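Architecture and fold: a report
Each chain is listed here by its residues.
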Amino acid sequence: MFNKRIKIKALLAEENTGFEATVMGWVRTFRNNQFIALNDGSTNNNLQVVASLGEFEDSTLKRLTTGACIKVTGQVIASLGKGQKVELKAATIEILGDSDAEKFPLQPKKHSLEFLREIAHMRFRTNTFGAIFRIRHSLAFAIHQFFNDKGFVYLHTPIITASDAEGAGEMFRVTTLPLDGSAPKNEDGSINFKDDFFGRSTNLTVSGQLEGELAAMAFSDVYTFGPTFRAENSNTTRHLAEFWMIEPEVAFNDLEDNMNLAEAFIRYVIKYAMEQNKEDLEFLAQRLEEEEKQKPQQDRSEMGLLDKLNFVVNNDFERLTYTEAIEILRESNHNKKKKFQYLIEGWGVDLQSEHERYLVEKHFKKPVILTNYPKDIKSFYMRLNEDGKTVAAMDILAPGIGEIVGGSQREERLDKLTARMAEMHIPAEELNWYLDTRRFGSCPHAGFGLGFERLVQFVTGMGNIRDVIPFPRYPKSAEF
RNA sequence: UCCUCCUUAGCUCAGUUGGUUAGAGCAUCUGACUGUUAAUCAGAGGGUCUCCCGUUCAAGUCGGGAAGGGGGAGCCA
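Just so you know, the residues in each chain are numbered from 1, in the order the chain's sequence is written. To label them, take the chains in the order written and letter them from A, then take the ligands in the order written and number them from 1. Local features in this predicted model are restricted to residues whose pLDDT is 70 or higher, and side-chain atom pairs enter the listing and the counts only when it is 80 or higher, whereas totals over whole chains, interfaces and linings include all residues. To obtain the side-chain values, all non-hydrogen atoms of the structure were included, while hydrogens and water were left out.

Brief notes about the sheet that holds strand E9 (residues 202–204)
Here the rule is simple: two strands pair whenever DSSP picks up at least two bridges between them. Under the scheme used here, helices are H or I runs from DSSP no shorter than 4 residues and strands are E runs no shorter than 2 residues, and both carry numbers assigned from the N terminus. The antiparallel open sheet is built from 3 strands, whose spatial order is E7-E9-E8. In this open sheet, the two edge strands, each paired with only one partner strand, are strand E7 (160–161) and strand E8 (173–174). Here E7 runs beside E9; their pairing, made up of 2 bridges, is antiparallel. For Thr 161, the partnering residue across the bridge sits in E9 and is Asn 203.

Written out as structure tokens, the structure reads:
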């Protein structure tokens, strides 16, 4: 029954008319007791279905409410009205699912993103979220295509991990032990995990990087793309407790290769979305433009969404070292006039959001790659530079959303790595498996982590990360 | 977790120095019209003013607390 259906996107692209077609979808509006705007999610554009006067029972027409699901068969004809090239003249209309108009929460009008977030199970049916999630899909697909074309192996790293030494953030505990206090305890009162499901303490992964490195020491080029969990109490527009991360890890790459890969990757996936989701991006660009008009002049961005994406695709990112960045910031008028909340005085401190924003949005006005940070503000696995005080790290900062990529050349020298771990009080015995890569055929290698939702945010122009993942998880929120 | 702002109809919002029966637009319902494009026109229904405590003759309005939400910061991707 269903396989004769034609998707609305395909039907709207059809050059010919005068043939019979069956469509299925959800009613967006029903105007004038005759005109159904029908959407099936294949595109934001609705198909106009015409139910000619007198040809349908009143009882049927009454059920054509916003949100109802219907099946229509009829003739595809050139539209008699303006606004669309073709329309479907209905011969039969079957109601597949009623929608009580008094209770259906979506109305043919503008809704706030905050309201739609409360009905995330329904928001797919709006133009905005339709566009966002089709673009999200394209980006995900493009990611696999990019790496596949380059001969990378897609590695599935575990979601449940035993290691708690990765240092990437607070973890969610995974256990089958009872929570009522009856769990077995050690002599010192701490929980004894011997009888837990895995016989040890386990957590949800915060990163697949360490496992990625293991595989890179065999396949040379690998990447992961999967869910990641952080139990940080972060309440911001760019953090989630459950998010998707892309983590390539490449043997024989140094920091510069790593930057080149990241830049090529970002360009590729954006370009892909621009080709595949032209209409959706135009819709979101329009939406953003109207939103910008509500803001005071000084807060408006200079470039529209499409200009911004084109700019990123066609221009190199700005590359500079942490030391150079500090110099620019220290010499900036902004700093001299004490406009930063945290003034830049010396070398060695981590940059605040306001500093990153200044560099990206005011000084360079494009994505920036910062490299060679002081070792003391970075992770243990990053390669120590010749100067002995910086590491071969890189962060890519994007306008509007800040850090989109964090990566580094890894420390491949066993003695240097273990020394660093000792300094940072990371128990080497727990990461013996990781250190084995440095013991048996170690090699220079590099990789990075890219937050998928931040990428989707950048491409769609959405301001809040909770609006670019179907069902966002964040503190005090795990509905749906 | 910290700072800050917000919470009034299904949605988006007005609501004056505290003062009778809390308003508008959209949505919904009823009717009219019938080639509409967020259709139009007429009418109707719809409120525990987030919750608790307090001040007062009187609280949507003032004070305290809680919950939820927005924005910013930190942590980071």
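Let us keep going from here.
What about the sheet that holds strand E1 (residues 19–31)?
Consider a sheet: its strands pair through backbone hydrogen bonds, and that pairing is either parallel or antiparallel. One closed barrel holds the 5 strands; their spatial order is E1-E2-E3-E5-E4, and the pairing between them is mixed. Taking the axes of each pair of neighbouring strands and ignoring which way they run, one obtains an average angle of 55° across the sheet. To get an axis, a line is fitted to the C-alpha atoms, and for a helix only the part in contact is used. The angle between two axes follows their N-to-C directions and goes from 0 to 180 degrees.

Overview of the packing of aromatic side chains
Pairing of aromatic rings covers Phe, Tyr and Trp, the last counted by its six-membered ring, and requires centre-to-centre distances within 6.5 Å; plane angles under 30 degrees mean stacked, over 60 mean edge-to-face, and any other angle means tilted. Taken as a whole and judged by the stated rule, the model has 22 aromatic pairs. A centroid spacing of 5.0 Å and a plane angle of 70° characterise the contact between Phe 225 and Phe 452, whose relative ring orientation is edge-to-face. Taken as a pair, Phe 225 in strand E10 (residues 221–229) and Phe 452 in helix H14 (residues 452–460) lie far apart in primary sequence, 227 residues in all. Assigned by exposure class, Phe 225 and Phe 452 land together as buried. Summarising the aromatic geometry, the rings of Phe 340 and Tyr 358 are spaced 5.5 Å apart at their centres and angled 80° between planes, so their arrangement reads as edge-to-face. In this pair, Phe 340 is assigned in the loop between helix H10 (333–336) and helix H11 (353–364) and Tyr 358 in helix H11, connecting sequence segments 18 residues apart. Accessibility classification places Phe 340 together with Tyr 358 in one group, the buried group. A network of ring pairs unites the aromatic residues Phe 146, Phe 147, Phe 152, Tyr 154, Tyr 223, Phe 265, Tyr 268 and Phe 448 as a single cluster. Geometrically, a charge over a ring is one whose NZ (Lys) or CZ (Arg) sits within 6 Å of the ring centre while staying within 35 degrees of the ring normal. Between Lys 308 and the ring centre of Phe 458, over which it is positioned, the NZ or CZ distance is 4.3 Å. It is Lys 378 that lies over the ring of Tyr 373; its NZ or CZ is 4.2 Å from the centre. Whether a residue is buried, partly exposed or exposed follows from its accessible area with a 1.4 Å probe, protein chains only, as a fraction of its type maximum: under 20%, in between, or over 50%, in that order.

Observations concerning the pairing of strand E3 (residues 47–50)
Every regular strand shows the same layout, with side chains that alternate between the two sheet faces. Of the two faces of E3, the one carrying Leu 47 and Val 49 and the one carrying Gln 48 and Val 50 are both buried. Across 4 bridges, the pairing between strand E2 (residues 35–39) and E3 is antiparallel. By the bridge assignment for E3, Ile 36 is matched with Val 49. One ladder, built from 2 bridges, connects E3 with strand E5 (residues 86–97); its direction is parallel. Directly across from Val 50, in E5, lies its bridge partner Lys 89.

Considerations on unusual backbone geometry
With glycine set apart, most residues show a phi of negative sign, and most peptide bonds adopt trans. For Phe 252, which is not a glycine, the phi torsion comes out positive at approximately 75°. Mapped onto the fold, Phe 252 is located in the loop between strand E11 (242–251) and helix H6 (255–276).

Points about the protein's contact with RNA strand B
Summary of the distance rule: residues count as near a molecule or strand when at least one heavy atom falls within 4 Å of that molecule or strand. Inspection of the region around RNA strand B gives 45 residues, with Asn 32, Lys 82, Thr 236, His 239 and Arg 454 positioned closest. At 3.2 Å from a base oxygen of RNA strand B is found a side-chain nitrogen or oxygen belonging to Gln 84. Between RNA strand B and the protein, one listed contact pairs a base oxygen with a side-chain N or O atom of Ser 234 at 2.5 Å. Take the surface near RNA strand B: its biggest share by element is 4 residues, from strand E15 (residues 402–409). For this scheme, ten residues count as nonpolar: Ala, Val, Leu, Ile, Met, Phe, Trp, Tyr, Cys and Pro. Four count as charged, namely Asp, Glu, Lys and Arg, and the remainder, Gly too, count as polar. Considered class by class, the residues forming the surface near RNA strand B number 10 nonpolar, 22 polar and 13 charged. Polar contact is the term for a pair of N or O atoms within 3.5 Å; when the atoms are in protein, one must be able to donate a hydrogen and the other to accept it, and sequence-neighboring residues count only if both atoms are side-chain atoms.

Looking at the side chain of Thr 460
In this fold, Thr 460 is placed in helix H14. Its relative accessible area of 1% is what places Thr 460 among the buried residues. In terms of polar contacts, Thr 460 uses its side chain to reach the backbone carbonyl oxygen of Val 456, at 2.7 Å. Every residue in contact with Thr 460, bar those within four places of it in the chain, is listed here: Ile 132, Ile 135, Leu 284, Leu 305 and Val 468. Contacts are assigned to residue pairs with any non-hydrogen atoms lying within 4.5 Å of each other.

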